[in-house]
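Residues per chain, in single letters:
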Amino acid sequence: MTNKMIAVLFAAALTSTTCFSQATQPVVAEDFKPSTLNQPGQEYPQVNSQGYARFRIKAPKADSVRVSLGLGGRGGTKLTKGDDGFWTGTTEGPMDEGFHYYHLTVDGGTFNDPGALNYYGSVRWESGIEIPAHDQDFYALKDVPHGNVQQILFPSKSTSTSRRAFVYTPPGYEKEKSKKYPVLYLQHGWGEDETAWSNQGRANLIMDNLIAEGKIKPFLIVMTYGMTNEVKWGRMKDFKIEHFQTVLVDELIPYVDANFRTLANRDNRAMAGLSMGGMETHAITLNKPDVFGSYALLSGGIYTPEELKDKSKAKLIFLSCGSKENPDRVNKATADLKAAGYNAVSYVSEKTAHEFLTWRRSLHEVAPLLFK
C-alpha cells in the first residue's frame, strides 16, 4: 500500500469519526422556561424539556463566573461573558430530575444566584433549582384540602435553650377536636435543618395528596434540627448521638404529646430520616426500641437481623435509596430481614442519586405503610 493510499484512508476514517461524534451529540432543545423556584419576576435560571439548566448572571466587572451544577463533579458549568456584562451558560448535559442545590463562584468567591430562591443545605443557604420530574404529580400543589405546618418552640433543659421544630397536622385536625393521631418523627440530612422536609422535600404536599386520594391513614409529622452540623463533612464517625437522642426522646416527644392530640404509644410512633438523619434514626431506634414502632432509613444505611435481636420487634422496617446509590445493599438487607421474620420493605428510586427526589419518592412510598 502506497503512502498516498494510506493518507487517503486515514483522512476518510478521521472524517467518519468526526461525523459520527457530531451525530451523537444531543441537540439542546430551545424551549427553556424559568425554574419554578425562581425569585418573583426573575427569568433565570431556566430549565428546558430535556432537563438542561441555563444561567444568566450580571457581573460586568468579574473575570470568571462558574455555576456549581453540571460537568459531573468536574468543576461545574463555566459561564461566558457577553458585551452587555451578563455571563451565560448551559449545563453540558441534562440534570437528574428533581431539586438541586447550587451556588455561584465569582472570581473565587462563593455567592448565591440572585435569580433563585434560597434553601438551607450544605450548612449554608444555597440557591435551588427544580428540574421537572415525570412523576412530579405526587408532590404537586393541588386543589385538595391542605394540612398546616406550624413552628413550635419547645424547652430543652439539656441544651439550656428553647429549640425549634415544625409540625405538620393533616387536614381536619383543627375541626375534629376528639380525634388523636399517630406521629412520624422525620429527620433531615447533614448540612440541612428542620426546614428541609417542608421546603425541599414537599413533605406536607405529599401528605395532603395521599390523604386526598385515600391512600394513607392521616398522621402528624414532626421535624426538628438533628444537631448534625456540629460535625464537619468527612468526620461523620465522630458524631455522638446521645445529645440529640436526649432532645428528641426526653424533651421533644413529651412536648408534642402534651400539646398535640397524639396516640402516645410505641405502635403509633415512627422515626425516619434521610442520609445522616437516617444514621440518627438507626442509632436511636436501636437504643430506644420501646419508643418507636416503625423505622425508615432513606439513603441512610441498613439494619441487620443481628443488631435487632433481643429488641422490641418493629412493626415495619423500610429501607430505600436511589438507583445511582447502592440499591443492591438495600435490597439484600431487606431480604435478610424478611428471612429473619421482620416486616421489611425496600424501595429504589429510579434514575436518582443522593438527592431530594429520591427522598420525596421514599416518603411517598413509606407513608401508606405506616400505622396500619
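Residue numbers here run from 1 along each chain, matching the order of that chain's written sequence. Residue-level local features of this predicted model are given only where pLDDT is at least 70; pairs of side-chain atoms are given and counted only at 80 or more, and the full residue set underlies all totals for whole chains, interfaces and linings. To obtain the side-chain values, all non-hydrogen atoms of the structure were used and water was disregarded.

Another aspect to go through is the sheet that holds strand β2 (residues 46-47). Across a sheet, strands are paired by hydrogen bonds formed along the backbone, either parallel or antiparallel in direction. Here the rule is simple: two strands pair whenever DSSP picks up at least two bridges between them. Under the DSSP-based scheme used, a helix requires at least four consecutive residues in state H or I and a strand at least two consecutive residues in state E, with every element numbered from the N terminus. Read across the open sheet, the 5 strands follow the order β1-β2-β3-β7-β6; overall the sheet is antiparallel. Lying at the two open borders of the sheet, with one neighbouring strand each, are β1 (33-34) and β6 (80-81). Relative to strand β7 (residues 86-90), β6 runs antiparallel, the two being bridged by 2 bridges. For Thr 80, the partnering residue across the bridge sits in β7 and is Thr 88.

Confidence of the predictor in every single residue is expressed as pLDDT, which spans 0 to 100. On average, residues of the chain score 92 in pLDDT, and 92% of them reach the 70 mark or higher. Contacts were defined at the residue level, with two residues in contact if any of their heavy atoms lie within 4.5 Å. Ignoring residues within four places in sequence, the model shows residues 1-23, a span with pLDDT below 50, making 2 contacts including any to other chains.

Right, let's get into the packing of helix α3 (residues 203-212) against helix α8 (residues 356-366). Axes, fitted as lines to C-alpha atoms, cover a helix only where it is in contact. Angles between the N-to-C directions of the axes lie from 0 to 180 degrees. Running from N to C, α3 and α8 point in directions that differ by 35°, and their axes come no closer than 10 Å. Here α3 and α8 pass one another in a crossing that is right-handed. Counting all contacts with α3, which are made through Ala 203, Ile 206 and Leu 210, the residues of α8 involved are Arg 360, Leu 363 and His 364. Polarity classes work like this: nonpolar for Ala, Val, Leu, Ile, Met, Phe, Trp, Tyr, Cys and Pro, charged for Asp, Glu, Lys and Arg, and polar for all others, with Gly in that last group. Its residues assigned to classes, the contact of α3 with α8 shows 4 nonpolar, 1 polar and 1 charged. Working rule for handedness: look at the near helix, and if it is turned counterclockwise from the far one by less than a right angle, call the crossing left-handed; if clockwise, right-handed.

A few words now on the pattern of salt bridges. Whenever Lys or Arg places a side-chain nitrogen within 4 Å of a carboxyl oxygen from Asp or Glu, that contact is recorded as a salt bridge. If you walk through the whole model with that rule in mind, you get 15 salt bridges. Note that Arg 361 and Glu 97 form a salt bridge whose closest N and O atoms lie 3.6 Å from each other. Here the residue Arg 361 occupies a position in helix α8, and Glu 97 occupies one in the loop between β7 and β8 (98-102), the gap between them amounting to 264 residues. Residues Asp 336 and Lys 332 are paired through a salt bridge, measuring 2.9 Å at the closest nitrogen-oxygen approach. Of the two residues, Asp 336 and Lys 332 are both situated in helix α7 (residues 327-339); the distance of 4 residues between them amounts to about one turn of the helix. Overall, the relative accessible area of 33% leaves Asp 336 in the partly exposed class. Buried means the residue's accessible area, taken with a 1.4 Å probe over protein chains only, is under 20% of the maximum for its type, while exposed means over 50%, and partly exposed covers the values in between.

This next bit is on unusual backbone geometry. The linkage connecting Tyr 44 with the following residue, Pro 45, adopts the cis geometry, with an omega of 5°. Summarising the element assignment, Pro 45 is placed in the loop between β1 and β2. At Ser 160, a residue that is not glycine, the phi angle is positive and equals roughly 55°. Mapped onto the elements, Ser 160 comes out in the loop between β13 (148-156) and β14 (161-169). Of note, the phi angle at Ser 299 is positive, near 50°, even though the residue is not glycine. With respect to the secondary-structure elements, Ser 299 resides in the loop between β18 (294-298) and α6 (305-308).

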